[in-house]
Amino acid sequence: MRIINYIIPLLFGTTFAFAQTPKSVQANTPKPFVLGVIDELQSEQLAEKRVLNIYLPEGYNKNDTLKYPVIYLLDGSADEDFIHVVGLIQFNNFSWINRVPKSIVVGIANVDRRRDFTYPTTMEGDKKRNKTAGKSEKFIAFLEKELQPYIDHNYKTTNSKTIIGQSLGGLLATEILLKKPTLFNKYIIISPSLWWDNASLLKQPSALLEAAFNAKTDIYIGVGKEGLTPSDIPHVMEVDANLLAERLRTAKSKNVTIHFDYLPQEDHATIIHQAIFNALRLLYPSTSDKK
């Protein structure tokens, strides 16, 4: 059910007071800088309304025949990762760079990320620290049965779908990759919180790893120098991310491509912007990169 549609304005303007101000200066009135739209979707799976921040690429026209890939961004609130990630996408599809195709970006604003991005845990410490955790199955159903069909119905989309997730969002993206790998074509997984439930996800069986898997799937895993995780049983973020990459490299299908990226100058707080930039370069290699 579609609820509402607004613009997202960014206002730039400064007012200075002078004893005598020229009329030409007085006549200027700041105008909204429109970055995208705010849409809302009432979810039956989650029993709540979800806010969607949506960037439409330059030239987007609902009345023409052009269609666009969709990038789904977890932690997609305006005060989270939506604005800077949209900037990366726009920068990379400038005509003089032309690395990433013009794309729609769907930022999924959070309500309770610990609830939505984690599966049930057997670890008592996890349960005590995260009272609402363990409902990722419902959130994945929301993505598959409600959000993707809604975006495809209301916006001009191709079959290309990318998901971007960092930290607990990276955990969710990994869970989707292993349990429902065809839900997206490209996965950008950054500093995934694989320590959750003592890294049980690293043992998850997956059709992705079988020789019969025939869906073209490109995967980027990025991690910084991040050290010990906030878990009762010690885990190191870099080690867990590398173990994930190594397990994915055992995939028998030639349709699966893995990129592992260690960024030692970044930590858990700083990694996401640089990692996404690197991911776009690796997942969309330009002509110059192929030489």
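A.B. asks: Sorry if this is basic, but what is going on with the pairing of strand E3 (residues 48–55) here?
C.D. replies: Within a regular beta strand, the side chains point alternately toward one face of the sheet and then the other, so they alternate between its two faces. For E3, the tally of buried residues reaches six of eight residues, placing the bulk of the element in the interior. Where strand E2 (residues 33–43) meets E3, seven bridges bridge the pair, whose relative direction is antiparallel. Residue pairing across strands places isoleucine 38 opposite asparagine 53, the latter belonging to E3. Adjacent in sequence and paired antiparallel, E2 and E3 are bridged by four residues, among which alanine 47 carries a positive phi angle near 55°. Taken together, the four bridges between E3 and strand E5 (residues 104–108) define a ladder with antiparallel strand orientation. Following the sheet pairing, isoleucine 54 is matched in E5 by valine 106.

A.B. asks: Would you mind going over unusual backbone geometry with me for this structure?
C.D. replies: As a rule of thumb, non-glycine residues mostly have phi less than zero, and peptide bonds are mostly trans rather than cis. Although it is not a glycine, serine 191 adopts a positive phi angle of roughly 40°. A positive phi is found at aspartate 197, a non-glycine position, where the angle reads about 55°. By the element assignment, aspartate 197 lies in the loop between strand E7 (186–190) and strand E8 (217–224).

A.B. asks: Please clarify how the packing of aromatic side chains should be interpreted in this entry.
C.D. replies: With the rule as written, the count across this model stands at nine aromatic pairs. Judged by centre distance (5.6 Å) and plane angle (35°), the rings of tyrosine 60 and tyrosine 68 are tilted. Of the two residues, tyrosine 60 and tyrosine 68, both sit in the buried class. Here tyrosine 72 and phenylalanine 184 contribute two aromatic rings whose centre-to-centre distance is 5.7 Å and whose plane-to-plane angle is 70°, an arrangement assigned as edge-to-face. Taken as a pair, tyrosine 72 in strand E4 (residues 68–73) and phenylalanine 184 in the loop between helix H6 (168–179) and E7 lie far apart in primary sequence, 112 residues in all. Neither tyrosine 72 nor phenylalanine 184 differs from the other in exposure class; each is buried. Ring pairs connect the aromatic residues Phe91, Phe94, Trp96 and Phe277, which therefore count as one cluster. Taking the ring centre of tyrosine 284 as reference, the NZ or CZ of lysine 186 above it sits at 4.8 Å.

A.B. asks: I would appreciate a short explanation of the nonpolar core in the present structure.
C.D. replies: As a rule of thumb, soluble globular proteins bury nonpolar side chains together. Of all hydrophobic cores here, the largest spans 56 residues; its most connected members are Ile151, Ile219 and Leu248. Excluding anything up to four places from it in sequence, isoleucine 219 contacts Leu177, Tyr187, Ile189, Leu208, Leu248, Val256, Thr257, Ile258, His259 and Leu283. Of all hydrophobic cores here, the second largest spans 24 residues; its members include Leu35, Leu73, Val86 and Val105.

A.B. asks: What am I meant to see in H6 here?
C.D. replies: Along an α-helix, residues three or four apart share an orientation, since each turn contains 3.6 residues. Relative to the 16 Å expected for twelve residues at 1.5 Å per residue, H6 spans 16 Å between its end C-alpha atoms, a close match to the ideal helical length. Burial within H6 is extensive, with eleven of its twelve residues counted as buried. For H6, the secondary structure elements touched by its buried residues are helix H3 (113–117), helix H5 (136–154), strand E6 (157–166), E7, E8 and helix H7 (237–248).

A.B. asks: Would you mind showing me how to read the confidence of the model for the protein here?
C.D. replies: Low pLDDT means the predicted atomic positions in that stretch should not be read closely. Considering every residue of the protein, the mean pLDDT works out to 91; 89% of them sit at 70 or more. This model gives residues 10–18 a pLDDT under 50, and the stretch forms seven contacts once residues within four places in sequence are excluded. Long-range and interchain partners of residues 287–291, a stretch whose pLDDT sits below 50, account for three contacts in this model, where long-range means more than four residues apart.

A.B. asks: Which parts of the structure should I look at to understand the packing of H5 against H6?
C.D. replies: At their nearest, the axes of H5 and H6 sit 11 Å apart, and the two run at 70° to each other. Judged by the inter-axis angle, H5 sits roughly perpendicular to H6. Side by side, H5 and H6 meet where Ser136, Phe139, Ile140 and Leu143 of the first sit next to Leu172, Glu175 and Ile176 of the second. Taken together, the residues that form the contact of H5 with H6 break down as five nonpolar, one polar and one charged.

A.B. asks: Any chance you could explain the pattern of salt bridges here in plain terms?
C.D. replies: Pairing is possible between side chains that carry opposite charge, provided their charged atoms lie close to one another. Summed over the entire model, instances satisfying the criterion amount to 15 salt bridges. The closest approach of N and O atoms between aspartate 75 and arginine 113, which form a salt bridge, is 2.9 Å. With a gap of 38 residues between them, aspartate 75 in the loop between E4 and helix H2 (82–92) and arginine 113 in helix H3 connect regions that are remote in the sequence.

So, how was this worked out
- Residues numbered from 1 in each chain as written.
- Predicted model: local features only at pLDDT ≥ 70, side-chain atom pairs only at ≥ 80, totals over all residues.
- Heavy atoms only, no water.
- Buried < 20%, exposed > 50% of the residue type's maximum accessible area, 1.4 Å probe, protein only.
- Helix = DSSP H or I, 4+ residues; strand = E, 2+ residues; numbered from the N terminus.
- Pairing = 2+ DSSP bridges.
- Phe/Tyr/Trp six-rings, centres within 6.5 Å; stacked < 30°, edge-to-face > 60°.
- Lys NZ or Arg CZ within 6 Å of the ring centre and 35° of its normal.
- Core = buried A, V, L, I, M, F, W, Y, C linked by side-chain atoms within 4.5 Å.
- Contact = heavy atoms within 4.5 Å.
- Expected span 1.5 Å × (residues − 1).
- pLDDT = per-residue confidence, 0-100.
- Axes fitted to C-alpha atoms, helices over the stretch in contact; angles between N-to-C directions.
- Parallel < 35°, antiparallel > 145°, perpendicular 65-115°, else oblique.
- Nonpolar A, V, L, I, M, F, W, Y, C, P; charged D, E, K, R; others polar.
- Salt bridge = Lys/Arg side-chain N within 4 Å of Asp/Glu carboxyl O.

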